[in-house]
Amino acid sequence: MKALRWSIPLAVFAVLLAFLAVGLTRDPREVPSPLVGKAAPAFVLAQLHDPSRTLGTADLRGQVWLLNVWASWCVSCRIEHPLLLELAKTNAVPLVGLDYKDQADAGKAWLAEHGDPYRVSVMDVDGRVGIDWGVYGVPETFVIDKQGIIRHKHIGPVTAEALAKDILPIVRELQRS
Amino acid sequence: MKAVRAHAPGRVTLARAAVRVTLARRLRVLAVMAALAAVTLAHGQPADPLDERLRHLEADLRCLVCQNQTLADSDAALAVDLRREIRSLAVAGRSDDDIRSFLVARYGDFVLYTPPLKPSTWLLWLGPFGLLALGAFVWAAVLRRRGAARAAGAPGPSPAAAARAQALIEAGE
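Predicted model, so just to flag it, every value in this text is computed and none were measured.

**Topic: the overall build of chain A**
The secondary structure content of chain A amounts to five helices and seven strands. Moving toward the C terminus, one meets the helices and strands of chain A in the order α-β-β-β-α-β-α-β-α-β-β-α. Computed over the C-alpha atoms, the radius of gyration of chain A is 20 Å, more than 25% above the 16 Å expected from 2.2 N^0.38 for a compact globule of 177 residues. Referenced to the eigenvectors of the C-alpha coordinate spread, the extents of chain A come out at roughly 80 × 35 × 30 Å.

**A look at the interface of chain A and chain B**
Every contact between the two is made by eleven residues of chain A and, on the other side, 13 residues of chain B. Tallied by class, the residues present in the side of chain A that touches chain B amount to six nonpolar, four polar and one charged.

**A closer look at helix α1 (residues 2-25) of chain A**
The end-to-end C-alpha distance of α1 of chain A is 36 Å, a good match for the 34 Å that 24 residues give at a rise of 1.5 Å each. In terms of residue burial, α1 of chain A counts as a barely covered element, since only zero of its 24 residues are buried.

**Re the packing of helix α3 (residues 77-91) of chain B against helix α4 (residues 96-107) of chain B**
All names here are of chain B. The geometry of α3 relative to α4 is characterised by a closest axis approach of 10 Å and an angle of 140° between their N-to-C directions. As the angle between them shows, α3 and α4 are arranged oblique. The chirality of how α3 crosses α4 is right-handed. Along its contact with α3, which presents Ile86, Leu89 and Ala90, the element α4 presents Asp98, Ile99 and Phe102. Broken down by class, the residue content of the contact of α3 with α4 amounts to five nonpolar, no polar and one charged.

**Concerning the environment of alanine 164 of chain A**
By the secondary structure assignment, alanine 164 of chain A is in helix α5 (residues 160-176). Separated by 40 residues in the primary sequence, alanine 164 of chain A and aspartate 124 of chain A place their C-alpha atoms 29 Å from one another.

**A short note on the sheet that holds strand β3 (residues 65-70) of chain A**
All names here are of chain A. Spatially, five strands are ordered β5-β4-β3-β6-β7 in an open sheet, and the strand pairing comes out mixed. Every interior strand has two partners, whereas the edge strands, β5 (120-124) and β7 (150-155), have only one. Strand-to-strand, the axes of this sheet are offset by a mean angle of 20°, without reference to chain direction. Relative to strand β4 (residues 95-100), β3 runs parallel, the two being bridged by five bridges. Directly across from valine 69, in β4, lies its bridge partner leucine 98. α5 rests against β6 (140-144) and β7 of the sheet, and its axis sits at about 165° to β7.

Calculation criteria
- Numbers given for residues are sequential positions, taken from 1 along each chain in its written order.
- Throughout, the order in which chains and ligands are written sets their labels, letters from A for the former and numbers from 1 for the latter.
- Owing to the predicted nature of the model, reporting of local features is limited to residues with pLDDT of at least 70; listing and counting of side-chain atom pairs is limited to 80 or more, with chain, interface and lining totals taken over all residues.
- Helix and strand assignments follow DSSP, with helices taken as H or I runs no shorter than four residues and strands as E runs no shorter than two, numbered in order from the N terminus.
- Between the two quantities, the radius of gyration covers C-alpha atoms and the globule rule is 2.2 Å times the number of residues to the power 0.38.
- Two residues qualify as being in contact provided that their C-beta atoms, derived from the backbone, are within 7 Å of each other.
- In this classification, the charged set is Asp, Glu, Lys and Arg, the nonpolar set is Ala, Val, Leu, Ile, Met, Phe, Trp, Tyr, Cys and Pro, and all remaining amino acids, among them Gly, are polar.
- For a helix, the expected span equals 1.5 Å multiplied by the number of residues minus one.
- Using C-beta atoms placed from the backbone, we call a residue buried if 20 or more other C-beta atoms fall within 10 Å of its own, exposed if 12 or fewer do, and partly exposed for counts in between.
- Here an angle of 0 to 180 degrees is reported between the N-to-C directions of two axes, which are lines fitted to C-alpha atoms, with helices fitted over the stretch in contact.
- Should an angle fall under 35 degrees it is taken as roughly parallel, and over 145 as roughly antiparallel, whereas 65 to 115 is taken as roughly perpendicular and any remaining angle as oblique.
- Handedness of a crossing follows from how the near helix is turned relative to the far one, being left-handed for an anticlockwise turn of less than a right angle and right-handed for a clockwise one.
- Whether two strands pair comes down to DSSP finding at least two bridges between them.

Structure below.
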């Protein structure tokens, strides 16, 4: 009975400490997407460099591809941009850009200035496609498999670590299957 | 001295005039403010039951950009877009539940300020009741132990101490 007197509060404290410790390692800005594991929301959008042509999710069936949400007004997009340019050079996976709530001229000028890693960029002028994809900040990056299912979502600027440890291994795995 | 006295009444009049001017100006400013307030209030009144319904719905939805604000309160660009989207869904005749599931499908349960009851939220919903039950259990245990101790004959004052107390009482009388 004496042992219970101090062991119970100690156990409660330890549990609380564990919860708080785990809480510290988590980023509340990263809201897990319910769309991972579900079919990518379909879109058909005008291309940034040639608005008379469109690109849709159906056109990308049968291959693993990345959708990177960016905008010319997005500051943190500049952080990940050099990594995306490098990724594009390796030809590891086609990168599609979703120019989110941007103006075509501004978007084109931004790519001309910083380099264009995208196979194609499409324009989501009013952000409707962004809402369908659950985008709540720019940049965000999605991995889509051959069947058109979203397999991974990266929130915020892509880092070298995220690319090497999460995104590329998932891409390779999906390309093999 | 004379000059000062002669001058003094004039100064008083001037001061009075100044008071009158500021009073008139203040009244005019007040009138303008009242008119503006009336206009604002007239515009602020919920003219539409749809507005009222959406405000109620959006007050229980979280803005994903500024996470501790509701969709109704937030001025973030995404919140503006989502309010527009919600309005168009409501105008198209979708129910509040339809609109909620539209948002949950895209952003997850995180958008709901009132999360649903399901296995992963059992702790959240039932935890406080569990803690209450635990407290009641501890309280009951303590009371029982105290009762048992009393029944077993709580150690009262020793016979010597009792005798001394009695002597003191008698001495006081």
